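Examination of the molecular architecture
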Amino acid sequence: MWTLAGFAIGVTAAVLALTLLAYAALSADHVPGARGTTRLAFFHPFAECGGGGERVLWAAVDALAGDQVPGAREDVKAERLKGGPREGHNKDAGKKTDVFIYCQDVSTQEKTSEEVLAEHANSRFNLAVSPASFRVVPISHRNMLVPGNYPRLTMIFQALAAVAVTIECLVRGGFLPDIWVDTTGWAFGYPLLKLLKPRMKVVAYVHYPTVSSDMLIRVRNGERSYNNRGVVSRSRLLSLAKAVYYQIFSLWYGFCGGCADVCMVNSSWTKGHVDEIFWWRRKRASTLVYPPCDFTALSSVSLGPRDSDVKQIISLAQFRPEKNHEMQLDAVARVHRQTSRKFRVLFVGGCRDAGDYERVERLRRMAADLGLDHGTVEFVVNAPFSDLRRALAASIAGLHSMKDEHFGISVVEYMAAGVVPIAHNSAGPRMDIVTADTGFLCETAEEYSDAMETLLDMDERERLEMAARGRTRAALFGQDAFQHGFLRGI
């Protein structure tokens, strides 16, 4: 107890000391902005990665630049004039906006970080972002946020790391922005921002709450998952202790998240949990802004026919533990044993670090152990958008198996490209995306294998009708809708 108390006191003292140092360093404001200029900064340390969070970042940067949605700012201003002030009302409307991104330095000898990231946004997300539309503030300690660094009390140490990285961003930038936009979900630095500059507008776009009531229920019920190890789930005492730990942590998280002036969420599931957990802002409900899908590019893919001799199924997800590729492989192996039809499954995803690459190698070994050869299963890492589009155009079905996936952008991409989704029956896919006549919702390996067999045996005309209905529904989640919603929010 005394050790824990001493640790807490030490951490508190360190944070206060860093805050004072940050305030002293920033009081001179080393990056002067032009008169009438609003400085908007995105907190996104892993900006060069290829997940849904990065798509949100670059679509938001693109919206601010006005490259893809001409006239969007005028539409937003007109709505504000009609409706009067609102939570997202921007007092600085009309000013020039300088955009900054706090992230790792990814420059090369030939190219600046801005050029590398702009090319990445174009290659991975089909977004024509100009390197002149933003400036990178390079940071060096983003790896402090990686959960693998903290085998025990992971969430607490990551939260403290988020505060430290927030301070590094401010010191490295040499200024306090007018608008801070967090597109990663690290809310623990928000109180510090409001302390340093009370008039700073803190904008949060929440993909997934750091802790949710669903997580608490799983721990209390002793359910084993990627973030609840077997040794804990089998012990009542350890499960109780972890539930208390989660409850205390959720109160802290709720206070920090509640310090945001504007809170946008990506799904109905996330909205329900955020409105419950962010107790510090109970009177200000979050705003639902669906994440962007490149509907225009993907919907240009022909719906069919896709009745080749070897039918293709695709799995599109970053190679992370919560995506549960293992259950997908188990389901594929069941289909492989039970059907005489020829098919192949293409696993396409992004890798952030060495741990993700190691995970891909383990999945390859698992596939071999299950008797799935290279002709049946193939893994593709960090594919550019052009390759992804071709893979979707050749696929009849798309797999998604993450439980409580906040939204499920890959499911929308399947539907936009005419691929029938086989998604997990929870959270975003169930509440917002998939309907009974546009795809399948599953929970067990058996249910996934049954759905795959159904699609492999399905008449091509029936599949085309289902794919067409899915494409119509996917249009609700287009990029323009996100960009207009984001601009209204800030």
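In short, a report on the structure.

Rules of the game
Residues numbered from 1 in each chain as written. Predicted model: local features only at pLDDT ≥ 70, side-chain atom pairs only at ≥ 80, totals over all residues. Heavy atoms only, no water. Pairing = 2+ DSSP bridges. Helix = DSSP H or I, 4+ residues; strand = E, 2+ residues; numbered from the N terminus. Axes fitted to C-alpha atoms, helices over the stretch in contact; angles between N-to-C directions. Contact = heavy atoms within 4.5 Å. Buried < 20%, exposed > 50% of the residue type's maximum accessible area, 1.4 Å probe, protein only. Left-handed = near helix turned anticlockwise from the far one by under 90°. Arc of directions from axis to C-beta.

All right, on to the sheet that holds strand β13 (residues 440–442) then. With respect to topology, six strands assemble into an open sheet ordered β10-β9-β8-β11-β12-β13, the strand pairing being parallel. The strands lining the two open edges of the sheet, one partner per strand, are β10 (377–381) and β13. Sheet twist, expressed as the average angle between the axes of neighbouring strands with direction ignored, equals 20°. Judged from the six bridges that link them, strand β8 (residues 311–316) and strand β9 (residues 343–349) form a sheet pairing that is parallel. Each residue of the ladder has a partner; that of Leu316, found in β9, is Val348. The strands touched by helix α12 (residues 325–338) are β8, β9, β10, β11 (395–399) and β12 (420–424); relative to β9, the strand with the most contacts, the crossing angle is about 170°. Across the sheet, helix α14 (residues 385–393) lies against β8, β9 and β11, angled at about 135° from β8, the strand it touches most.

With that settled, consider the sheet that holds strand β2 (residues 96–104). Pairing between the strands of a sheet is mediated by backbone hydrogen bonds and can be parallel or antiparallel. Ordered in space as β3-β2-β1-β4-β5-β6-β7, the seven strands form an open sheet in which the pairing is parallel. Both edges of this open sheet fall to β3 (135–139) and β7 (287–288), since each of them pairs with a single strand only. In the packing of helix α2 (residues 52–65) onto the sheet, the strands contacted are β1 (37–43), β2 and β5 (201–206), and the crossing angle to β1 comes to about 170°. Packed onto the sheet, helix α10 (residues 268–277) meets β5, β6 (262–265) and β7 and runs at close to 145° relative to β6.

For the rest of this paragraph, the subject is the pairing of β11. Within β11, five of the five residues are buried, which leaves the element mostly enclosed by the surrounding structure. With four bridges joining them, β8 and β11 adopt parallel strand pairing. When the sheet's bridge partners are listed, Ser315 is paired in β11 with Leu399.

What follows deals with the packing of α2 against helix α4 (residues 113–125). The N-to-C vectors of α2 and α4 enclose an angle of 115°; their axes lie 11 Å apart at closest approach. Viewed along their axes, α2 and α4 form a crossing whose handedness is left-handed. Across the interface between the two elements, Glu54, Arg55 and Trp58 of α2 pack against Leu117, His120, Ala121, Arg124 and Phe125 of α4.

This part takes up α14. Buried residues of α14: Phe385, Leu388, Ala391 and Leu392, and no others. For α14, the angular spread of buried residues about the axis comes to 120°, placing them on one side.

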